[in-house]
Amino acid sequence: MFPALETERKQETLPDPYEDFMYRHLQYYGYFKAQKGSLPNSATHQHVQKNNPQYLLNVSFGERNDLIPDTLQKEKLLSLHIQIEAISRDSLMLSSPLLRSRQLLFDELDQVNPRLREPRELFAFFSSKGTLQAPRWPIECEVIKESIHHIEWVPPQPEYFYQPTGNEKVPEIVGEEKGTVVYHLNPVPTEGFYFTSSRVGGKRGIIKELAVTLEGPEDDTLLFESRFESGNLQKAVQVDTYEYELTLRTDLYTNKHTQWFYFRVQNTRKDVTYRFTIVNLLKPKSLYTVGMKPLMYSQLDANIYNIGWRREGNEIKYYKNNTDNGQQSFYCLTWTIQFPHDQDTCFFAHFYPYTYTDLQCYLLSVAKNPIQSQFCKLRTLCRSLAGNTVYLLTITNPSPTPHEAAAKKAVVLSARVHPGESNASWIMKGFLDFILSNSPDAQLLRDIFVFKVVPMLNPDGVIVGNYRCSLAGRDLNRHYKTILKESFPCIWHTRNMIKRLLEEREVLLYCDFHGHSRKNNIFLYGCNNNDRKYWLHERVFPLMLSKNAPDKFSFHSCNFKVQKCKEGTGRVVMWRMGILNSYTMESTFSGSTLGSKRNIHFTIEDLKSLGYHVCDTLLDFCDPDKTKFTQCLAELKELLQQEIHKKFNERGKEVNLEGSWSDISLSDIESSTSGSDSSLSDGLPVHLLNIVDELNQKMMSDKKKKKKPLQTRKQRNELHQKNKLMPEFKLTEDASVRKPRGLLCCLVPDIP
Ligand SMILES: [Zn+2]
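Given the structure is predicted, the values throughout are model-derived calculations rather than measurements. (Residues numbered from 1 in each chain as written. Predicted model: local features only at pLDDT ≥ 70, side-chain atom pairs only at ≥ 80, totals over all residues. Heavy atoms only, no water.)

Some points on the overall build of the protein chain
Then step 1. Assigned secondary structure in the protein chain consists of 20 helices and 24 strands.
Then step 2. Among the 752 residues that make up the protein chain, the fraction classed as buried is 59%.
Then step 3. In the protein chain, 79% of the contacts between residues at least 6 apart in sequence involve partners at least 24 apart.
Then step 4. Accessible surface, the protein chain: about 32200 Å² in total, of which carbon and sulfur atoms supply 51%. (Helix = DSSP H or I, 4+ residues; strand = E, 2+ residues; numbered from the N terminus. Buried < 20%, exposed > 50% of the residue type's maximum accessible area, 1.4 Å probe, protein only. Contact = heavy atoms within 4.5 Å. Areas by Shrake-Rupley, 256 points an atom, 1.4 Å probe, with all protein chains shown as cover.)

This is how it looks when you write it as structure tokens:
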């Protein structure tokens with residue numbers, strides 16, 4: 001049976017290990033707050049906090065410390081905690097020596113006899129019965145009980161791009177005043193709100209029926225639903241018998257990032273043409289303008305004919321919305337479709353969905369496989385904000401001697417920092433399928449490398465159907481320099497894991513998998529290397545990959561510029577930490593413009609094959625016979641020389657590159673990268689902005705007080721002591737620019 005189902009059903013009677021742990025945690029939390037008899041838990045805290053800094057200060061610092069890897073960090077936190085106490089003496093913060101204990105637990109009935117913390121096995125992600133831990137949702141999210149599952153299928157015929165005729169209709173958006181609302185989620189928390197707590201199954205209580213009630217068998221209104229993993233439809237308005245205007249839900253706790261869509265319709269009729277128009281997209285440019293079709297899945301086709309997701313749609317048009325709210329421009333995607341069956345259940349999606357549960361099912365199969373589990377160790381890297389597990393896989397063959405084990409180089413791969421880029425998961429799946437196989441090449445790779453794999457960096461975002469952000473309402477791939485471990489646990493722990501790995505061995509390659517919304521094909525972003533000794537070496541792997549996957553991977557689309565706005569990305573941070581071959585892999589949501597796959601959409605199989613090609617290219621890259629490597633390097637120099645000539649010619653200048661041409665800065669030659677990883681950081685998480693404001697105000701008032709003439713030496717000493725305890729606040733979170741002791745990392749609520 002599908003494991004998620006089992007977990008779902010048992011959740012009321014048999015709490016999973018994490019629930020159990022959280023219960024204990026909250027008991028302690030209650031003790032800390034002296035709330036005996038009224039233990040707070042997710043059931044009684046079903047509300048969203050808005051602009052309430054006091055709540056932030058009134059939190060526990062004790063329980064998550066077992067996730068802190070080094071003593072130094074712990075000490076830093078403890079000392080910072082003491083500082084916070086000093087600052088917030090008049091807030092609700094309580095000072096208690098118990099806070100300093102990390103090993104002892106006190107519960108309600110047994111206060112005098114503290115007991116030792118439960119061992120780490122409480123975090124075990126697969127229970128002894130082999131069931132999965134069900135996803136945890138923010139408590140304001142309604143989630144239907146049904147489990148959604150799609151079959152994997154590859155269409156036998158190529159799915160060509162849509163060829164625009166020029167006669168596509170551009171429907172005028174009429175809105176709910178002139179139409180009928182047939183599906184509407186409760187208003188979702190947007191900008192100004194922030195995540196507070198989570199539970200398995202999301203919102204407690206009865207889930208409202210949001211779809212309309214049909215008036216009889218003749219009523220052919222479509223029934224919409226999206227309250228399932230990765231679903232994100234906010235509203236559907238029927239504007240004509242078979243025409244619907246759709247509004248997508250923005251990323252939670254933000255008012256932007258609409259791009260990903262995934263929803264279900266029921267009560268279909270065949271032989272009629274339906275039109276769907278998504279009305280609140282935000283990107284001015286889209287692959288839908290150059291032939292990309294939406295994906296459709298018919299449940300009856302899957303059940304009867306074993307047919308899965310396929311590219312469908314006619315009269316596809318992407319255009320600017322005629323309604324304007326004066327602040328933001330919206331864009332529309334419209335398409336028409338004929339459903340294959342009457343009374344069918346169908347799904348639409350921006351790309352082949354790959355959910356957190358899909359990942360867990362896959363990892364469970366690896367954990368249960370007696371051979372794969374020998375060389376693939378599954379660990380918890382950390383918990384996400386909502387308490388979902390971020391998995392870390394270590395894949396390597398046992399070495400015959402410690403010396404050989406120590407000599408192995410490492411390769412780090414990650415995916416889904418951007419939750420709406422499910423492309424990344426399919427490439428990751430292809431990689432894992434191959435590296436865990438018994439192919440001789442896979443065995444060789446496991447012999448010579450240690451692979452560290454984080455297959456889903458942002459499980460919360462994937463679960464709730466976000467496109468770009470985590471539950472902190474921020475793009476995690478702009479925060480890799482963060483010191484805010486509690487706000488950005490997934491990337492903080494990833495960076496820390498890589499930092500420790502680098503202390504242990506050379507990391508040959510780091511690659512973070514993404515999806516790209518404006519370009520076709522697959523390509524890499526890398527980092528120009530300034531060391532002449534390794535000049536152009538960072539481009540060898542991408543060039544080799546393009547030779548191994550010529551119909552899918554475009555070397556021409558690769559870019560190696562390190563822009564200021566990308567400083568917080570995984571690629572640049574890992575490069576600055578010393579990984580020369582540090583990449584973002586971008587794979588299109590659409591298809592290829594190359595070779596035999598020209599004008600054809602990528603299938604799941606195409607994406608998975610890229611995972612294999614990464615492995616294949618690694619072997620070429622590390623071949624002791626350096627012929628391929630030196631050939632590629634020579635080719636790169638030739639390519640670059642041509643590029644320089646071209647640029648100079650464009651500017652109408654003559655150039656003589658004899659001798660010194662390699663001194664020209666590579667950054668000057670390349671244009672900047674753009675597309676899915678081009679946005680700027682939004683700064684600190686929302687819940688911290690308020691508290692920083694408060695503390696800054698407090699500092700200002702303290703400074704004013706300082707100006708008053710002091711009367712006694714005692715008073716001056718007291719003030720001196722107070723100032724010593726009061727660190728200076730700055731609106732930043734970067735480790736590289738932080739002010740004295742990074743106090744902010746302690747100001748984050750210990751969110752269950
Ligand atoms: Zn991305």
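Side note on the coordination of the zinc ion
In an ideal tetrahedron of four donors about a metal, each angle is 109.5 degrees. In an ideal octahedron of six donors, the angles are 90 or 180 degrees.
Then step 1. For the zinc ion, the full set of protein donor atoms is His-418 (ND1), Glu-421 (OE), Glu-421 (OE) and His-514 (ND1), and the range of their distances to it is 2.1 to 2.5 Å.
Then step 2. All donor residues of the zinc ion come from one chain, and their arrangement in sequence is H-x2-E-x92-H. Comparing His-418 with Glu-421, the two get one shared label, buried. (Donors = N, O, S within 2.8 Å, 3.2 Å for Na, K, Ca; no water.)

Remarks on the side chain of Thr-268
Then step 1. Residue placement: Thr-268 occurs in the loop between β9 (262-266) and β10 (274-281).
Then step 2. In terms of polar contacts, Thr-268 uses its side chain to reach the backbone amide nitrogen of Asp-344, at 2.9 Å. (Polar contact = N/O pair within 3.5 Å; in protein donor to acceptor, adjacent residues only side chain to side chain.)

Concerning the sheet that holds strand β16 (residues 376-383)
Then step 1. The strand order β16-β17-β19-β18-β20-β22-β21 describes an open sheet built from 7 strands, whose pairing is mixed. Each having just a single partner strand, β16 and β21 (522-525) make up the two edges of the open sheet. Between one strand and the next, the sheet's axes are offset by a mean angle of 20 degrees, whatever the strand orientation.
Then step 2. By the bridge criterion, 6 bridges tie strand β18 (residues 409-415) to strand β19 (residues 449-454) in an arrangement that is parallel. If you follow Val-411 over to β19, its bridge partner there is Phe-451.
Then step 3. Packing against the sheet, helix α11 (residues 440-448) makes contact with β17 (389-395), β18 and β19, and its axis sits at approximately 95 degrees to β19.
Then step 4. Across the sheet, helix α13 (residues 489-504) touches β16, β17, β18, β19 and β20 (507-516), and the angle it forms with β16 is around 130 degrees. (Pairing = 2+ DSSP bridges. Axes fitted to C-alpha atoms, helices over the stretch in contact; angles between N-to-C directions.)

Describing the nonpolar core
Then step 1. Within the largest apolar cluster, 151 residues are counted, with the highest numbers of intra-cluster contacts made by Phe-224, Phe-276, Phe-348, Ile-395, Leu-432, Phe-451 and Met-585.
Then step 2. Residue contributions to this core reach at least three from each of two domains, namely domain 2 (137-349) and domain 3 (356-653).
Then step 3. If near-sequence neighbours (up to four positions away) are discounted, Leu-432 is found in contact with Tyr-362, Leu-393, Ile-395 and Val-453. (Core = buried A, V, L, I, M, F, W, Y, C linked by side-chain atoms within 4.5 Å. Domains from an automatic or database assignment.)

Quick word on the packing of aromatic side chains
Then step 1. What the rule picks out here adds up to 37 aromatic pairs.
Then step 2. Ring centres 5.1 Å apart and planes at 65 degrees place the aromatic pair Phe-224 and Tyr-244 in the edge-to-face group. Separated by 20 residues along the polypeptide, Phe-224 in strand β6 (residues 223-225) and Tyr-244 in strand β8 (residues 243-248) bring together distant segments of the chain.
Then step 3. For the pair Trp-260 and Tyr-262, a centre-to-centre distance of 6.2 Å together with 65 degrees between the ring planes defines the contact as edge-to-face. (Phe/Tyr/Trp six-rings, centres within 6.5 Å; stacked < 30°, edge-to-face > 60°.)

Re the packing of helix α10 (residues 423-435) against helix α16 (residues 604-621)
Then step 1. Relative to each other, α10 and α16 sit at 55 degrees, their axes nearing to 7 Å. Taken as axis vectors, α10 and α16 run oblique relative to one another. The crossing of α10 and α16 is right-handed. Residues Asn-423, Trp-426, Ile-427, Lys-429, Gly-430, Phe-431, Asp-433, Phe-434 and Ile-435 of α10 form the contact with α16, whose own contacting residues are Ile-604, Leu-607, Lys-608, Leu-610, Gly-611, Tyr-612 and Cys-615.
Then step 2. A class-by-class count of the residues in the contact of α10 with α16 yields 10 nonpolar, 3 polar and 3 charged. (Parallel < 35°, antiparallel > 145°, perpendicular 65-115°, else oblique. Left-handed = near helix turned anticlockwise from the far one by under 90°. Nonpolar A, V, L, I, M, F, W, Y, C, P; charged D, E, K, R; others polar.)

A word on the sheet that holds strand β14 (residues 331-337)
Then step 1. Spatially, the 6 strands line up as an open sheet ordered β4-β7-β8-β10-β14-β13, and their pairing is mixed. A single partner strand is all that each edge strand has here, and the edge strands are β4 (180-184) and β13 (314-320). For this sheet the average axis-to-axis angle between neighbouring strands, irrespective of direction, equals 20 degrees.
Then step 2. For β10 and β14, the ladder comprises 6 bridges, and the chain directions are antiparallel. If you follow Phe-276 over to β14, its bridge partner there is Trp-335.

Some words on the pattern of salt bridges
Then step 1. With the rule as written, the count across this model stands at 21 salt bridges.
Then step 2. A salt bridge links Glu-506 to Lys-409; its shortest N-O distance comes to 3.7 Å. In this pair, Glu-506 is assigned in the loop between α13 and β20 and Lys-409 in strand β18, connecting sequence segments 97 residues apart.
Then step 3. Beyond isolated ion pairs, a larger network of salt bridges with shared partners links Glu-152, Lys-429, Asp-433, Glu-605 and Lys-608. (Salt bridge = Lys/Arg side-chain N within 4 Å of Asp/Glu carboxyl O.)

Digging into the UniProt feature "active site" (unreviewed entry) in the protein chain
Then step 1. Cross-referencing UniProt, the feature "active site" (unreviewed entry) maps to Glu-586 in the present numbering.
Then step 2. Within the element layout of this structure, Glu-586 appears in strand β22 (residues 582-588).
Then step 3. Glu-586 sits in the buried class, given a relative accessible area of 0%. (UniProt positions renumbered as here; feature names shortened; annotations may be inferred.)

Let's talk about unusual backbone geometry
Then step 1. Unusually for a residue other than glycine, Asn-267 sits at a positive phi of about 65 degrees.
Then step 2. Relative to the helices and strands, Asn-267 is located in the loop between β9 and β10.
Then step 3. Positive phi, close to 70 degrees, is recorded for Leu-536, a residue that is not glycine.
Then step 4. Checked against the element boundaries, Leu-536 lands in the loop between β21 and α14 (540-548).
Then step 5. Residue Leu-536 is classed as buried on the basis of its relative accessible area of 1%.

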